[in-house]
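One-letter residues, chain by chain:
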Amino acid sequence: MSEQKIPLAGVVGAPISHSRSPRVHRHWLNTYGIQGYYIPMEVASGDLEDAIRTLPKMGFVGVNVTIPHKEAVMAIADQITDRATLIGAANTLIFRPDGKIHADNTDGYGFITNLQQGAPGYDPKSGPAVVLGAGGASRAVVASLVEAGVPEILLTNRTRDRAEQLREDFGQRVRVVDWVQAGNILEEAKLVVNTTSLGMVGKPELRVPLDGLQPGTVVNDLIYAPLQTRLLKTAEEAGCVTVDGLGMLLHQAVPGFERWFGQRPEVDNATRAAALR
Ligand code: NAP
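Residues numbered from 1 in each chain as written. Predicted model: local features only at pLDDT ≥ 70, side-chain atom pairs only at ≥ 80, totals over all residues. Heavy atoms only, no water.

### Looking at helix α1 (residues 21–31)
1) Next: For α1, the full list of buried residues reads S21, P22, V24, H25, H27, W28 and L29.
2) Next: Looking one or two residues beyond α1, the residue adopting positive phi is G33, at roughly 60°. (Buried < 20%, exposed > 50% of the residue type's maximum accessible area, 1.4 Å probe, protein only. Helix = DSSP H or I, 4+ residues; strand = E, 2+ residues; numbered from the N terminus.)

### Points about the domain arrangement of the protein chain
1) Next: Considered domain by domain, the protein chain is made up of domain 1 (8–105 + 250–276) and domain 2 (108–244).
2) Next: A straight line from the C-alpha centre of domain 1 to that of domain 2 covers 26 Å.
3) Next: On the domain 2 side, the residues contacting the 13 residues of domain 1 number 15 residues.
4) Next: Among the residues domain 1 hides against domain 2, the three largest losses belong to L86, I87 and H251. Together they make up 49% of the total. (Domains from an automatic or database assignment. Contact = heavy atoms within 4.5 Å. Buried area = accessible area lost by both parts, 1.4 Å probe.)

### As for the environment of I94
1) Next: Relative to the elements of secondary structure, I94 occurs in strand β5 (residues 92–95).
2) Next: Its relative accessible area of 9% is what places I94 among the buried residues.
3) Next: Remark: the alpha-carbon pair of I94 and A9, spanning 85 residues in sequence, is separated by 9.4 Å.
4) Next: Ignoring sequence-local partners within four residues, the contact set of I94 consists of V61, G62, K100, I101, H102, R259 and W260.

### Considerations on the packing of aromatic side chains
1) Next: Applying the stated criterion to the full structure yields 4 aromatic pairs.
2) Next: Taking the centre distance of 5.4 Å and the plane angle of 70° together, the rings of W28 and F257 count as edge-to-face. Taken together, the positions of W28 in helix α1 and F257 in helix α9 (residues 254–261) put the pair 229 residues apart, joining distant regions of the chain. The residues W28 and F257 share a single accessibility class, namely buried.
3) Next: Measuring from centroid to centroid gives 6.3 Å for Y38 and W260, while their planes differ by 40°, and the two rings are tilted. Of this pair, Y38 sits in strand β2 (residues 37–42) while W260 sits in helix α9, and the two are 222 residues apart along the sequence.
4) Next: On the basis of relative accessible area, W260 is assigned to the buried category, the value being 6%.
5) Next: Here the aromatic residues W28, Y38, F257, W260 and F261 are joined through ring pairs into a cluster of three or more. (Phe/Tyr/Trp six-rings, centres within 6.5 Å; stacked < 30°, edge-to-face > 60°.)

Here it is as structure tokens:
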């Protein structure tokens, strides 16, 4: 009888030392008693294709992909899911037994599942959503909000052209608003999402005026370091329902873990604690 292979997975990026994914996957491997490994791998852009093509030969069943390789891996994949194509980037690769590389993007799934868990009373169809930022994470957020049936997305970004591009890609439900007007559109929102890097440790603070936030509005920050950003603190004081960014990070990891290790993991308080350790 042939010996059972121990599945290997990991995360490919540059730099990679900050990634919390290894802690999350290792927590699940331990929790479910699965023999397997999840390894952080720093790979330079010039080596990306060689590295990805070598991993399946070494026993890897798949990897997560993070900054700066999420767009570049699309050219290496043999099959790309519709949601990854729509977003223009992939964060999860599956190395299939037939040698094909399958690419998916689970950021939108992570975003919407986190929102459902953190704000169970929120109905996407109930009114407009304000999305701050138009980078890679914003594309995943806008795609999921369109799919969830949000009637209007007020999208604002420092570089207006990037927001206009999203409107072109995601359609008429997206309305682009000047960055300087961001504070003036909060009042009409049922949901406010910060997808910019502003407010993150080591980055400038988000300086959008927040006095328009209404009690009951759901406010979600994708930033998870720190866990409570200025946006979330101000929103909480204004009586909003706040949802931090850690849950998105945890939920986006679920589909990959399930495909690689054959067990759908639970996102619970122990998972949050493991990610924060
Ligand atoms: P990105 O593609 O580089 O986009 C960065 C965004 O931030 C752009 O909209 C950019 O505006 C804006 N921005 C940066 N500096 C700014 C400034 N000084 N003033 C105004 N706007 C500024 O990055 P990303 O991949 O979308 O990630 C964005 C953030 O989301 C990161 O902090 C990341 O950690 C977080 N994130 C969290 C999760 C999660 O699981 N919780 C998942 C994905 C991302 P311009 O277009 O004008 O440059």
